[in-house]
Amino acid sequence: MLSIFKPAPHQAPVDEAHVDPLYRRLRWQIFMGIFFGYAAYYLVRKNFALAMPYLIDQGFSRGDLGFALSGISIAYGISKFIMGSVSDRSNPRVFLPAGLILAASVMLFMGFVPWATSSIAIMFVLLFLCGWFQGMGWPPCGRTMVHWWSQKERGGVVSVWNCAHNVGGGIPPLLFLLGMAWFNDWHAALYMPAFGAILLAVFAFMTMRDTPQSCGLPPIEEYKNDYPPDYVKESAEQELTAKQIFMQYILPNKLLWYIALANVFVYLLRYGILDWSPTYLKEVKHFALDKSSWAYFLYEYAGIPGTLLCGWMSDKVFKGNRGATGVFFMVLVTIATVVYWLNPVGNPGIDMACMITIGFLIYGPVMLIGLHALELAPKKAAGTAAGFTGLFGYLGGSVAASAIVGYTVDYFGWDGGFIVMIAGCVLAVLLLLLTMLSENKHKAQLARNA
Ligand SMILES: O=P(O)(O)OC[C@H](O)CO
């Protein structure tokens, strides 16, 4: 472990009178840090796609550029898991900005050095590197949330934080337009978001903190008097080794396996709709470029109210049962996807409404799986647990959304592509049902043991 990443040491406890005001102030400040810090990761996650039309003009094929782009998803899926484990034993205040600066540096290199965009192999390697550094974003945010918000507050805080990626995902086209206006250079698609990300990395470093104890505060469970049913203070506050995390809390955790598998199919729909909507809307529904760009943008931004509603319903309506909430949202999103598929050409309003509805509904389950993973492991293993579900979501779902959906459409037409995505939705519902039933059993068992 690099010493700069070492968890911050515990400080002497502050006076009783200062605990509440300090906790309140730091929670706001830290939330700003992880929200804008994670949004910044999305500035340099998808921006390469904006440069692709200009690279096509230089003679690269769509397929080859798609292959280069897949380097990000492949590396990110593996890294979110591996760096998640490193992050569980690291200070998020250093870990998150470090990954962000490294990912942004790759984009600066691609933007300023012509050699970096001179061949598909070089672009694949650089995008793979960027994807790897991207894996240093989610886990430190997860570690921060489980240390600063108690279990009862987590549905709310995770759902608000989860909107960061929608906020960040919508900004790169705007920074690109600004860069084009200033420099009249398409490489601005690469370096403008990178500059934005570096500024936000500095902000994240200034605002984030490691554990409450590293600021002289008591653990969150004590401050909120909100203890998980199996909480034992001494062990809950001990940092764990990678072996302990994997062997005790990740691999034997049946519920974690269910949600990780469900995540494959949730991500298949998330990225299947997102990545293919410009092509589908243009080729099948005859949308012009500006209209399909709006549909893409609205899909992302509809995710914000949808995620907030899902977090609220999960806590208040479904009483913390993440599996049941996931089933509810996935059934609705399956219906919206069927309508999007079967809606005849010539009804663009319905297509647009379907894109908004799918965006509104799909990001809730995406958030719930992350949240549930955080809850299924002790807080010292939270990043690894979330990384485990991300591994399945990206290596399985996101890669399948590009490759399997793409090839199915090539061989069987768009009907085939939609059947794959809808079958994925059905499998996600079944796996979340299984999660819901196991969750009920697990809670009943804990209640009996209490
Ligand atoms: O796809 P990720 O890893 O960026 O995660 C997105 C959401 O934050 C999941 O909770």
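Residues numbered from 1 in each chain as written. Predicted model: local features only at pLDDT ≥ 70, side-chain atom pairs only at ≥ 80, totals over all residues. Heavy atoms only, no water.

**Observations concerning the site of the ligand**
For step 1, the next point in the chain: As a structural note, the neighbourhood of the ligand is formed by 14 residues, with Tyr38, Tyr42, Tyr76, Asn162 and Tyr394 the closest of them.
For step 2, the next point in the chain: Tyr38 places a side-chain nitrogen or oxygen 2.5 Å from an oxygen atom of the ligand.
For step 3, the next point in the chain: Residue Tyr42 places a side-chain N or O atom 2.6 Å away from an oxygen atom belonging to the ligand.
For step 4, the next point in the chain: Here the ligand, which alone exposes 300 Å², has 99% of that area covered by the protein.
For step 5, the next point in the chain: Here the ligand occupies the largest cavity.
For step 6, the next point in the chain: Of all the secondary-structure elements, those providing two or more residues to the shell around the ligand are α1 (16–43), α3 (62–87), α7 (154–162), α14 (254–283) and α17 (348–376).
For step 7, the next point in the chain: A breakdown of the residues in the shell around the ligand according to their chemical character gives nine nonpolar, two polar and three charged. (Near = heavy atom within 4 Å. Polar contact = N/O pair within 3.5 Å; in protein donor to acceptor, adjacent residues only side chain to side chain. Areas by Shrake-Rupley, 256 points an atom, 1.4 Å probe, with all protein chains shown as cover. 1 Å grid on protein atoms, 1.4 Å probe; cavity = no way out; pocket = protein on both sides within 12 Å on 5 of 7 lines; lining within 4 Å. Sits in = over half its atoms within 2 Å of the grid points. Helix = DSSP H or I, 4+ residues; strand = E, 2+ residues; numbered from the N terminus. Nonpolar A, V, L, I, M, F, W, Y, C, P; charged D, E, K, R; others polar.)

**A few points about the confidence of the model for the protein**
For step 1, the next point in the chain: Confidence along the protein averages 89 in pLDDT terms, with 96% of residues attaining 70 or more.
For step 2, the next point in the chain: Model confidence for the complex is summarised by a pTM of 0.84, with the ipTM given as 0.95. (pLDDT = per-residue confidence, 0-100.)

**A word on the packing of helix α4 (residues 92–112) against helix α10 (residues 188–207)**
For step 1, the next point in the chain: The geometry of α4 relative to α10 is characterised by a closest axis approach of 8 Å and an angle of 165° between their N-to-C directions. Here α10 runs roughly antiparallel to α4, going by the angle between their axes. Read as a crossing pair, α4 and α10 show a hand that is left-handed. Between α4 and α10, the contacting residues are Arg93, Val94, Leu96, Pro97, Leu100, Ile101, Ala104, Met107, Leu108, Met110, Gly111 and Phe112 on the first element and Leu190, Tyr191, Ala194, Phe195, Ala197, Ile198, Leu200, Ala201, Ala204, Phe205 and Met206 on the second.
For step 2, the next point in the chain: Within the contact of α4 with α10, the residues separate by chemical class into 21 nonpolar, one polar and one charged. (Axes fitted to C-alpha atoms, helices over the stretch in contact; angles between N-to-C directions. Parallel < 35°, antiparallel > 145°, perpendicular 65-115°, else oblique. Left-handed = near helix turned anticlockwise from the far one by under 90°. Contact = heavy atoms within 4.5 Å.)

**Digging into the pattern of salt bridges**
For step 1, the next point in the chain: All chains considered together, the criterion is met by eight salt bridges.
For step 2, the next point in the chain: Here Asp210 makes a salt bridge to Arg143, at a shortest N to O gap of 3.1 Å. Highlighted residues: Asp210 in the loop between α10 and α11 (220–224) and Arg143 in helix α6 (residues 138–148), separated in sequence by 67 residues. Comparing Asp210 with Arg143 shows no difference in burial state: the two are buried.
For step 3, the next point in the chain: We note a salt bridge from Arg322 to Glu375, for which the minimum N-O separation is 2.6 Å. One end of the pair, Arg322, is in helix α16 (residues 322–342); the other, Glu375, is in helix α17, and 53 residues separate them in sequence.
For step 4, the next point in the chain: Each of Arg27, Glu153 and Lys224 takes part in a single network of salt bridges with overlapping partners. (Salt bridge = Lys/Arg side-chain N within 4 Å of Asp/Glu carboxyl O. Buried < 20%, exposed > 50% of the residue type's maximum accessible area, 1.4 Å probe, protein only.)

**Looking at unusual backbone geometry**
For step 1, the next point in the chain: Positive phi, normally seen in glycine, also occurs at Asn184, with a value near 50°.
For step 2, the next point in the chain: By the secondary structure assignment, Asn184 is in the loop between α9 (172–183) and α10.
For step 3, the next point in the chain: One non-glycine residue, His286, adopts positive backbone phi at about 55°.
For step 4, the next point in the chain: Structurally, His286 can be placed in the loop between α14 and α15 (289–316).
For step 5, the next point in the chain: The class for His286 is exposed, based on a relative accessible area of 59%.

**So, the packing of helix α2 (residues 48–57) against α3**
For step 1, the next point in the chain: Contact geometry of α2 with α3 gives a least axis separation of 10 Å together with a crossing angle of 150°. Judged on the interaxial angle alone, α3 and α2 are roughly antiparallel. For the pair α2 and α3, the sense of crossing is right-handed. Facing α2, whose interface residues are Phe48, Met52, Leu55 and Ile56, α3 presents Arg62, Leu65 and Leu69.

**Points about the side chain of Ser314**
For step 1, the next point in the chain: You can see Ser314 is positioned in helix α15.
For step 2, the next point in the chain: Residue classification places Ser314 among the buried positions, given a relative accessible area of 0%.
For step 3, the next point in the chain: Of the polar contacts made by the side chain of Ser314, one reaches the side chain of Arg322; its length is 2.6 Å.

**A short note on the packing of aromatic side chains**
For step 1, the next point in the chain: Using the criterion set out here, one finds 38 aromatic pairs in the structure.
For step 2, the next point in the chain: With a centroid separation of 5.2 Å and 70° between ring planes, the pair formed by Phe5 and Phe95 is classed as edge-to-face. With a gap of 90 residues between them, Phe5 in the segment before α1 and Phe95 in helix α4 connect regions that are remote in the sequence. Comparing Phe5 with Phe95 shows no difference in burial state: the two are buried.
For step 3, the next point in the chain: Aromatic side chains Phe124 and Phe128 sit 6.1 Å apart centroid to centroid with 35° between the ring planes, which places their arrangement in the tilted category. Taken together, the positions of Phe124 and Phe128, both in helix α5 (residues 120–134) and four residues apart, correspond to about one turn of that helix.
For step 4, the next point in the chain: What links up through ring pairs into an aromatic cluster is the set Trp276, Tyr280, Tyr340, Trp341, Trp414 and Phe418. (Phe/Tyr/Trp six-rings, centres within 6.5 Å; stacked < 30°, edge-to-face > 60°.)

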